[in-house]
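In case you want the letters, here they are:
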Amino acid sequence: EVDLNILKAWEITKGSPEVLVGILDTGLQIESPALSASIYKNPVEKQNGRDDDQNGYIDDLHGWDFFGGSASVFDSYLHDHHGTYLASIIAASHAEGSPMAGIAPGVTIVPLKFMSGSSGDLNDAIAAIEYAHALGVRIINCSWDSTNYNAKLEAVMKRYGDILFVCSAGKYDADLARTPVYPACFPLENVLCVAAADNRGNICELSGYGREADVAAPGKDILGLTPDGSVIYSGGSSAAAACVTGIAALVKSANPALNAAEIATVLKAGTKKLNALQNQVMSGGIIDAYECVKKAERWEEISRWK
């Protein structure tokens, strides 16, 4: 079942220019029938063992595996289920026969594999961000976290201030002011920190929360796909961040002129206020796709009021 507000947001964004969304995570199953139409296809590169577009990556038809150093962005169910699940939340097709619809099925997903299972090197994440920026990706989902601050990662996210990084609030059931997680807690205007909420509007167990979190999004029993096409229900701040990434893509579709900081502002303003979320997230509310898209359409008018 698709949320009515998401359906209304779809109607507004029909026929919008292509929006590229990077999934900086594990690999993902690009041959999944529900995802294949949404996967990035390099218009220049051919599978011929040569670097046709001269970007330093040979045969990168559908993104790149920075973890393994190859063009294969899917290796196995075990190691690449997380990225597949996130991609389905963001952009699974709603065509006939698909078991589910993503939040923004018209956007283009760019696989940026820097993890295998739960292992990854932040130097590979940095290389992936640089690669994505060159492709024109301006929204990147980061559904992973570390309690270790990394100055190089913060610097590259700051350098590419025209990319919106939608980041999960972590899995430590702690106030982020006391137990910060990164990259969600980098103090950058193009980084959005997303906490997970349940269907009663309460912060989910194990999700980070507090004034360092910008918004809450659905994060309990969220429908998604596995690499073999099975439907599962999972959750956490990873799923919540993917929900917000999908809505960010709808916002960008509704108003392509918005920059990363402006999209972040729209997302924080486009929330439904809930008593349970007061002092749990900065916005005091849970994300609302339709409200976000309406605010994106009226951005020029709204920004004049400030």
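How each quantity is defined
Residues numbered from 1 in each chain as written. Predicted model: local features only at pLDDT ≥ 70, side-chain atom pairs only at ≥ 80, totals over all residues. Heavy atoms only, no water. Helix = DSSP H or I, 4+ residues; strand = E, 2+ residues; numbered from the N terminus. Buried < 20%, exposed > 50% of the residue type's maximum accessible area, 1.4 Å probe, protein only. Contact = heavy atoms within 4.5 Å. Areas by Shrake-Rupley, 256 points an atom, 1.4 Å probe, with all protein chains shown as cover. Lys, Arg positive; Asp, Glu negative; His and termini not counted. Charge placed at Lys NZ, Arg CZ, Asp CG, Glu CD. Axes fitted to C-alpha atoms, helices over the stretch in contact; angles between N-to-C directions. Parallel < 35°, antiparallel > 145°, perpendicular 65-115°, else oblique. Nonpolar A, V, L, I, M, F, W, Y, C, P; charged D, E, K, R; others polar. Pairing = 2+ DSSP bridges. Right-handed = clockwise from strand over helix to strand, strands pointing away. Core = buried A, V, L, I, M, F, W, Y, C linked by side-chain atoms within 4.5 Å. Salt bridge = Lys/Arg side-chain N within 4 Å of Asp/Glu carboxyl O. Expected span 1.5 Å × (residues − 1). Arc of directions from axis to C-beta. Polar contact = N/O pair within 3.5 Å; in protein donor to acceptor, adjacent residues only side chain to side chain. Phe/Tyr/Trp six-rings, centres within 6.5 Å; stacked < 30°, edge-to-face > 60°.

**Some remarks on the overall build of the chain**
At step 1: Scanning the chain from terminus to terminus reveals 8 helices and 13 strands.
At step 2: Principal axes of the C-alpha set define a box for the chain whose edges measure 55 × 40 × 40 Å.
At step 3: Across the 306 residues that make up the chain, the buried fraction comes to 54%.
At step 4: The long-range share in the chain, meaning contacts at least 24 apart out of those at least 6 apart in sequence, stands at 68%.
At step 5: Looking at the chain as shown, the accessible area adds up to about 13,200 Å², and 48% of this sits on carbon and sulfur atoms.
At step 6: Here the chain contributes 24 positively and 37 negatively charged side chains, and the mean placements of these two sets differ by 8 Å.

**Thoughts on the packing of helix α3 (residues 122-135) against helix α4 (residues 151-159)**
The packing of two helices is summarised by the inter-axis angle and the distance between the axes.
At step 1: Between α3 and α4, the shortest axis-to-axis distance is 10 Å and the interhelical angle comes to 10°. Judged on the interaxial angle alone, α4 and α3 are roughly parallel. Residues Leu122, Asn123, Ile126, Ile129 and Glu130 of α3 form the contact with α4, whose participating residues are Lys152, Leu153, Val156, Met157 and Arg159.
At step 2: When grouped by side-chain class, the residues that make up the contact of α3 with α4 number 6 nonpolar, 1 polar and 3 charged.

**Concerning the pairing of strand β6 (residues 139-142)**
At step 1: Side chains Ile139 and Asn141 of β6 all project onto a buried face; the interleaved residues Ile140 and Cys142 project onto the opposite face, where all are buried too.
At step 2: Where strand β1 (residues 20-25) and β6 come together, 3 bridges link them in parallel fashion. Residue Ile23 lies in a different strand from β6, and its bridge partner there is Asn141.
At step 3: Examined bridge by bridge, β6 and strand β7 (residues 164-168) share 4 bridges and lie parallel to one another. Within the sheet, the bridge partner assigned to Cys142 lies in β7 and is Cys167.
At step 4: As for the winding sense of the linkage, the β-α-β connection from β6 through α4 to β7 is right-handed.

**Quick look at the nonpolar core**
At step 1: By size, the foremost hydrophobic cluster in this structure holds 55 residues, and its most contacted members are Leu164, Val194, Val244, Val251 and Leu267.
At step 2: The element contributing the most residues to this core is helix α5 (residues 237-254), with 11 residues.
At step 3: What Val194 contacts, discounting residues up to four positions off in sequence, is Val166, Cys167, Ser168, Ala169, Val215, Ala217, Ser237, Ala240, Ala241 and Val244.

**Describing the pattern of salt bridges**
At step 1: Throughout the structure, instances matching the rule amount to 8 salt bridges.
At step 2: A salt bridge links Lys113 to Asp75; the shortest N-O distance between them is 2.6 Å. A residue pair is termed long-range when its members are at least 10 positions apart, and Lys113 in strand β3 (residues 108-113) and Asp75 in the loop between β2 (64-65) and α2 (77-91) qualify at 38 residues.
At step 3: The partly exposed category is assigned to Asp75, whose relative accessible area is 47%.

**Some remarks on α5**
At step 1: Taking 1.5 Å of rise per residue, the 18 residues of α5 would be expected to cover 26 Å, and the 25 Å separating its terminal C-alpha atoms lies within 8% of that figure.
At step 2: Counting buried residues in α5 gives 17 out of 18 residues, a clear majority hidden from the surface.

**Details of the side chain of Ser88**
At step 1: Among the structural elements, Ser88 can be located in helix α2.
At step 2: Classification of Ser88 as buried rests on a relative accessible area of 0%.
At step 3: Excluding its chain neighbours within four sequence positions, the residues that come into contact with Ser88 are Leu35, Met100, Gly102, Gly224 and Leu225.

**Considerations on helix α7 (residues 289-297)**
Note that an α-helix has 3.6 residues per turn; residues three or four places apart therefore point the same way.
At step 1: Among all positions in α7, only Ala289, Cys292, Val293 and Ala296 are buried. Down the axis of α7, the buried set is contained in an arc of 95°. They therefore lie on one face.
At step 2: Of the residues that open α7, the one with a side-chain oxygen 3.1 Å from the backbone nitrogen of Tyr290 is Asp288.

**Some points on the pairing of strand β8 (residues 191-197)**
At step 1: Among the 7 residues that make up β8, 7 are buried, leaving the element largely enclosed by the rest of the structure.
At step 2: Side chains Val191, Cys193, Ala195 and Ala197 project from β8 onto one buried face, and the interleaved Leu192, Val194 and Ala196 project onto a second face that is buried too.
At step 3: Two strands pair when backbone bridges link them, and β7 and β8 are joined in this way by 4 bridges, in the parallel orientation. Looking at the pairing, Ser168 lines up with Val194 of β8.
At step 4: By the bridge criterion, 4 bridges tie β8 to strand β9 (residues 215-218) in an arrangement that is parallel. Bridge pairing in β9 places Ala196 opposite Ala217.

**As for the packing of aromatic side chains**
At step 1: What the rule picks out here adds up to 8 aromatic pairs.
At step 2: Consider the rings of Tyr149 and Tyr182, whose centres lie 5.5 Å apart with planes at 75°: the pair is edge-to-face. Of this pair, Tyr149 sits in the loop between β6 and α4 while Tyr182 is found in the loop between β7 and β8, placing the two residues 33 residues apart along the sequence.
At step 3: Ring-pair connections join several aromatic residues into one group, and the members of that group are Tyr57, Trp64, Phe66 and Tyr131.

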